[in-house]
Amino acid sequence: MRMTVLASGSKGNSTVIASANTRLLVDAGLSCRELLKRMALANEDPASLDAILITHEHQDHIAGLAVLARRLRIPVYLTEPTHRAWARMVTPRTTMTYAKWLDHVQAEKEARAAAAAALNTEPGAPSMTVSSSWVGSDTSDLAASAGAPSIAASSSWIESSATDLCAAADSPTDLDEDQEAPAAKPDPAFLPTVEYFHSGTNFSIGDISITPFTIPHDAADPCGFVFESRSESVRMAIATDLGYVPPNVKAALKRIDVLLLESNHDLEMLRDGPYPWSVKQRVLSRVGHLSNHATAEFLARDYDGAATWIVLGHLSEANNDPSLALLAAEQAIQGRATLLGNRLLLAQQSAPLTPICL
Ligand SMILES: [Zn+2]
Ligand SMILES: [Zn+2]
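Values in this document were obtained by computation on a predicted structure and should not be read as measured data. (Residues numbered from 1 in each chain as written. Chains lettered and ligands numbered in written order. Predicted model: local features only at pLDDT ≥ 70, side-chain atom pairs only at ≥ 80, totals over all residues.)

### So, the overall build of the protein
Next, step 1: Summing up its helical and strand segments, the protein has 13 helices and 14 strands in all.
Next, step 2: Residue burial in the protein is summarised as follows: out of 358 residues, 44% are buried.
Next, step 3: Here the analysis covers contacts within the protein between residues at least 6 apart in sequence; of these, 69% occur between residues at least 24 apart. (Helix = DSSP H or I, 4+ residues; strand = E, 2+ residues; numbered from the N terminus. Buried ≥ 20, exposed ≤ 12 C-beta atoms within 10 Å, placed from the backbone. Contact = placed C-beta atoms within 7 Å.)

This is the structure:
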């Protein structure tokens, strides 16, 4: 099993979790173009990704989501409240009541059924023949990339054409859609396939079993994940964006072989730092982020010492120093670090980490 942290920090998060047969991308918090670049750098083939999983709807976890999911045409797994919050966020001018949301979900379902039917009756027919206005509106987006080679073509293509792949919708105009002609405007909330999960309820993708767990954070329905490869009996976990470590998270993080754990800020640096008071309060709150101190406290008191690797992640660039985060964690697991276990790594914001394979 393999964990490749493509990016970690307040400016964007994304991690590949892979078993022998299944590859998942957890969060897509960089632009599509940057995510593809990082995957190429880390020798991760985007064409082999089976799904994207989303922890919560904050920008540093979803920035490239829609464009990447459309380009790779892979399903997105998230909770229903996260999906709704995200859809509302990317369509800010639309007032979406719950009734409207249900209509929207129904229309999406019908559009997919119609697309599937059209493909069945006309083999090879492009999905843009579907009459639904929702899917229809997205076809301009697909059509814009029609000249681009297929994602399945070859991995070497990634380097040369990553720009083409994302160009249609991952450009500055994507941020300011008013600049696009109305007829060419894709629905920003369109995802090719959406699958819902519930925190606390286990589900599987390929040969990876996934247990999402609720985390205390100021988002609609945020979660962390435990991944277990059935064939390799290795367990990996991602726990970032949490204000404190509640009992359910302590319970979820038992017997983990590779643990990506938040160590967001140094308390002094945050207090004296550049953030406005309201933002400082938010970060420090019970639904904010774990400080180096809180992470060290967890490692010293509640962590079972079972991990081969502990990866410290989601470090704030403004309010933390990697050496302080590392020092706090080192002191917390003192005496337990060996050649085979409890080794510490720092995830990076600006470059992918060397893949961790077990
Ligand atoms: Zn967050
Ligand atoms: Zn975050």
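### Considering the sheet that holds strand β11 (residues 258-262)
Next, step 1: Strand order in the open sheet made by the seven strands is β7-β8-β9-β10-β11-β12-β13, with mixed pairing throughout. Strands with a single pairing partner mark the edges of an open sheet, and in this sheet they are β7 (203-205) and β13 (343-346). Averaged over all neighbouring strand pairs, the angle between strand axes comes to 20°, with direction disregarded.
Next, step 2: Here strand β10 (residues 234-239) pairs with β11 via four bridges, running parallel. Within the sheet, the bridge partner assigned to Ile 238 lies in β11 and is Leu 260.
Next, step 3: Contacts from helix α13 (residues 322-332) reach β12 (309-313) and β13, with the element oriented near 160° to β13. (Pairing = 2+ DSSP bridges. Axes fitted to C-alpha atoms, helices over the stretch in contact; angles between N-to-C directions.)

### Comments concerning the packing of helix α12 (residues 292-301) against α13
Next, step 1: Interhelical geometry of α12 versus α13 gives an angle of 20° and a closest axis separation of 8 Å. Of the possible angle classes, the one that applies to α12 and α13 is roughly parallel. The chirality of how α12 crosses α13 is right-handed. When α12 is examined against α13, the residues Asn 292, His 293, Thr 295, Ala 296, Leu 299 and Ala 300 are found in contact with a partner set consisting of Leu 324, Ala 325, Ala 328, Ala 329, Gln 331 and Ala 332.
Next, step 2: Taken together, the residues that form the contact of α12 with α13 break down as eight nonpolar, four polar and no charged. (Parallel < 35°, antiparallel > 145°, perpendicular 65-115°, else oblique. Left-handed = near helix turned anticlockwise from the far one by under 90°. Nonpolar A, V, L, I, M, F, W, Y, C, P; charged D, E, K, R; others polar.)

### Details of helix α1 (residues 32-41)
Next, step 1: All of the buried residues along α1 are Cys 32, Glu 34, Leu 35, Leu 36, Arg 38 and Met 39.
Next, step 2: Phi for Asn 43, located one or two positions after α1, is positive at around 60°.

### Topic: the nonpolar core
Next, step 1: With 77 residues, the main nonpolar core has Ile 52, Ala 237 and Leu 259 as its most contacted residues.
Next, step 2: The element best represented in this core is helix α3 (residues 65-72), accounting for six residues.
Next, step 3: Once residues lying within four places of it in the same chain are set aside, the contact partners of Ala 237 are Gly 224, Phe 225, Val 226, Ala 252, Leu 253, Ile 256, Leu 259 and Leu 260. (Core = buried A, V, L, I, M, F, W, Y, C linked by C-beta atoms within 7 Å.)

### Things to note about the confidence of the model for the protein
Next, step 1: Per-residue confidence for the protein averages 84 on the pLDDT scale, and 81% of its residues sit at or above 70.
Next, step 2: For the stretch residues 122-161, pLDDT sits under 50, and the model shows 58 contacts to residues farther than four places along the chain or on other chains. (pLDDT = per-residue confidence, 0-100.)

### Observations regarding the pairing of β12
Next, step 1: Most of β12 sits out of view: four of its five residues are buried.
Next, step 2: One ladder, built from five bridges, connects β11 with β12; its direction is parallel. Each bridged residue has a counterpart across the sheet, and for Leu 260 the counterpart in β12 is Val 311.
Next, step 3: Relative to β13, β12 is paired through four bridges, and the arrangement is parallel. Each bridged residue has a counterpart across the sheet, and for Val 311 the counterpart in β13 is Leu 345.

### Some thoughts on unusual backbone geometry
Next, step 1: A positive phi angle, near 70°, is found at Asp 27, a position not held by glycine.
Next, step 2: Positive phi, close to 65°, is recorded for Asp 241, a residue that is not glycine.
Next, step 3: Mapped onto the elements of the fold, Asp 241 is located in the loop between β10 and α9 (247-252).

### Observations concerning the environment of Glu 232
Next, step 1: By secondary structure assignment, the location of Glu 232 is in the loop between β9 (223-229) and β10.
Next, step 2: Owing to 15 C-beta atoms within 10 Å, Glu 232 belongs among the partly exposed residues under this scheme.
Next, step 3: Each C-alpha atom, one on Glu 232 and one on Asp 207, is 9.6 Å from the other, the two residues being 25 residues apart in sequence.
Next, step 4: Setting aside anything within four residues of it in sequence, one finds Glu 232 in contact with Met 1 and Ser 19.

### Here's the deal with the sheet that holds strand β2 (residues 14-18)
Next, step 1: Taken in spatial order, the seven strands make up an open sheet running β6-β5-β4-β3-β2-β1-β14, and their pairing is mixed. At either end of the open sheet lies a strand with only one pairing partner, and these are β6 (194-196) and β14 (356-357).
Next, step 2: Examined bridge by bridge, β2 and strand β3 (residues 23-26) share four bridges and lie antiparallel to one another. Bridge assignment links Ile 17 to a residue of β3, and that residue is Leu 24.

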